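For reference, the chains in residue letters:
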Amino acid sequence: MEFLDLKTQQKRIRKPLEKRLNTILDHGAYIMGPEVHELEEKLAEYCGVKHAISCSSGTDALLIPLMAWGIGPGDAVFTTPFTYVATAEVIALLGATPVFVDVYDSTFNIDCEKLEIAIQETIKNGELKPKAIIPVDLFGVPARYRLIESIAKKYNLKVIEDGAQSFGASIGEKKVGTFGDIAATSFYPAKPLGCYGDGGAMFTNDDNLAEQCKAIRIHGTSSDKYNSEVIGLNGRLDSMQAAVLLEKLTIFDEELEMRNKVNDYYRQFLNNAQYIPNNYHSAHALFSITLGSHKKREELVEKLKKNNIPNVIYYKYPIHLMKGFHYLGYKNGDFPISENLSQTIVSLPMHPYLSEIEIDSIINTIKK
Ligand SMILES: Cc1ncc(COP(=O)(O)O)c(C=O)c1O
């Protein structure tokens, strides 16, 4: 059994992909070639946004908009400690301060009441200037954007949706990529839409922001590639990765539906999975359950291991307790929901090709 089965998927797309890769070998435009432009058009159309801007990773897709807004020392950017480290890392990298906000114990996404309290406390404290919010769509479930956007408006903050795990998800008819001022996604191979290397994209309806992000992604250049207008970085996507994504896009909706079925089947037997609110459609990047205690989680992990059922702990350490973030001065007990989740959560196999027989054997092992 695979935690994530990329081989079955590859068999489906291999022939047309080889054709596309051969075309690239012939035309030789390896970076930002025609496949990249074709991909950007298709991604924008898929999400229903004006601009899809590809880049070299999900991390850069978060970093570039922060750079465009000039976020730096003295600025506060609000996010959660229960996410992949990249979400907070990009804030710290620019010399700004990540201000953590705990998550809901149901969806594992940012708690909007606590978000507003954190913003008010930061204003009152006066040391940092609140600038932006990075809500994370954990495991594929979108955060509460209606509320987040109204809080952002009230306090004049920017919003970057961290949709690294949620490309393809939606709230009602509104797809991930359309929330906030800009959204970021990752095409890391394990993501619902992944390439065969690193890749990412930004999505926005803001023409001016799109132009800025496009320039920053190529060393701050626009018309003349040897004359930098703003400080940028090497954040380009290469043509081969775009080719992989173009082929995977052709089966993406079908795969999403298959992930949905896997999710529904799991939930017939389990009542301790991540909560998906009404009218929210997850991309099901991961399927996670919580156990009543750390001891129970460890016992389950041991049992799964003995029965050769792959599983992973996302996330073993909340970011505020990671060594690299000690300088922020947080301590154990500051974010009890995130801390408890890191002790009690486990992710089970999730991919479009997981069979009911395989899920039955996972459930039997859990219930044993
Ligand atoms: C929530 C979240 N944010 C950001 C990233 C960073 O994406 P990448 O690995 O493509 O840089 C990831 C990827 O693992 C992620 O899961």
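Structure: above.
Keep in mind the model is a prediction, meaning the values are calculated, not measured.

> Tell me what's going on with the overall build of the protein chain, and back it up with residues and numbers.
A tally of regular secondary structure across the protein chain gives 12 helices and 12 strands. Here the C-alpha atoms of the protein chain give a radius of gyration of 21 Å, agreeing with the 21 Å that 2.2 N^0.38 yields for 368 residues. Each of the three principal axes of the protein chain carries a C-alpha extent, and together these read 65 × 60 × 35 Å. The contacts of the protein chain with a sequence gap of at least 6 include a subset with a gap of at least 24, amounting to 72%. Of the accessible surface of the protein chain, which amounts to about 16,700 Å², a share of 50% is contributed by carbon and sulfur atoms. For the protein chain, the distance from the average position of its 40 positive side-chain charges to the average position of its 46 negative side-chain charges is 4 Å.

> Before we move on, can you summarise empty space enclosed by the protein with the specific residues and values?
Using the criterion set out here, one finds two cavities of 30 Å³ or more in the structure. In this model, the largest cavity occupies a volume close to 70 Å³. In this structure, the largest cavity is lined by 14 residues; those nearest its centre are L6, Q9, K191, P192 and R259. Secondary structure elements with two or more residues in the lining of the largest cavity: α1 (6–27) and α9 (252–269). Residue composition of the lining of the largest cavity, by class: six nonpolar, three polar and five charged. In this structure, the second largest cavity encloses a volume near 50 Å³. In terms of lining residues, the second largest cavity is bounded by F139, V141, N263, R267, Q274, I276, S282, H284, L286, F287, S288 and M350. In terms of residue class, the lining of the second largest cavity is made up of six nonpolar, five polar and one charged.

> Just give me the short version of the packing of helix α3 (residues 58–68) against helix α4 (residues 86–93), but keep the residues and values in it.
Relative orientation of the contacting elements α3 and α4 amounts to 35°, with a least axis distance of 9 Å. Here the hand of the crossing between α3 and α4 comes out right-handed. Mapping the contact onto sequence places T59, L62, L63 and L66 in α3 and A86, T87, E89, V90, I91 and L93 in α4. Residues belonging to the contact of α3 with α4 are distributed by class as follows: seven nonpolar, two polar and one charged.

> So, the site of the ligand: which residues are in play, and what are the values?
Residues in close proximity to the ligand total 15 residues, the closest being G58, T59, D162, Q165 and S186. Taking T59, its side chain carries an N or O atom lying 2.5 Å from an oxygen atom of the ligand. Taking D162, its side chain carries an N or O atom lying 2.8 Å from a nitrogen atom of the ligand. When the free accessible area of the ligand is taken as 380 Å², the share hidden by the protein chains comes to 92%. One can see that the ligand is located within the largest pocket. At the level of elements, α3 and α4 are the ones that each hand at least two residues to the shell around the ligand. Looking at which element gives the most residues to the shell around the ligand, the answer is α3, with three residues.

Calculation rules
- Residues numbered from 1 in each chain as written.
- Predicted model: local features only at pLDDT ≥ 70, side-chain atom pairs only at ≥ 80, totals over all residues.
- Heavy atoms only, no water.
- Helix = DSSP H or I, 4+ residues; strand = E, 2+ residues; numbered from the N terminus.
- Rg over C-alpha atoms; globule rule 2.2 N^0.38 Å.
- Contact = heavy atoms within 4.5 Å.
- Areas by Shrake-Rupley, 256 points an atom, 1.4 Å probe, with all protein chains shown as cover.
- Lys, Arg positive; Asp, Glu negative; His and termini not counted.
- Charge placed at Lys NZ, Arg CZ, Asp CG, Glu CD.
- 1 Å grid on protein atoms, 1.4 Å probe; cavity = no way out; pocket = protein on both sides within 12 Å on 5 of 7 lines; lining within 4 Å.
- Points joined across faces, edges and corners; volume = space filled by probe spheres on them.
- Nonpolar A, V, L, I, M, F, W, Y, C, P; charged D, E, K, R; others polar.
- Axes fitted to C-alpha atoms, helices over the stretch in contact; angles between N-to-C directions.
- Left-handed = near helix turned anticlockwise from the far one by under 90°.
- Near = heavy atom within 4 Å.
- Polar contact = N/O pair within 3.5 Å; in protein donor to acceptor, adjacent residues only side chain to side chain.
- Sits in = over half its atoms within 2 Å of the grid points.

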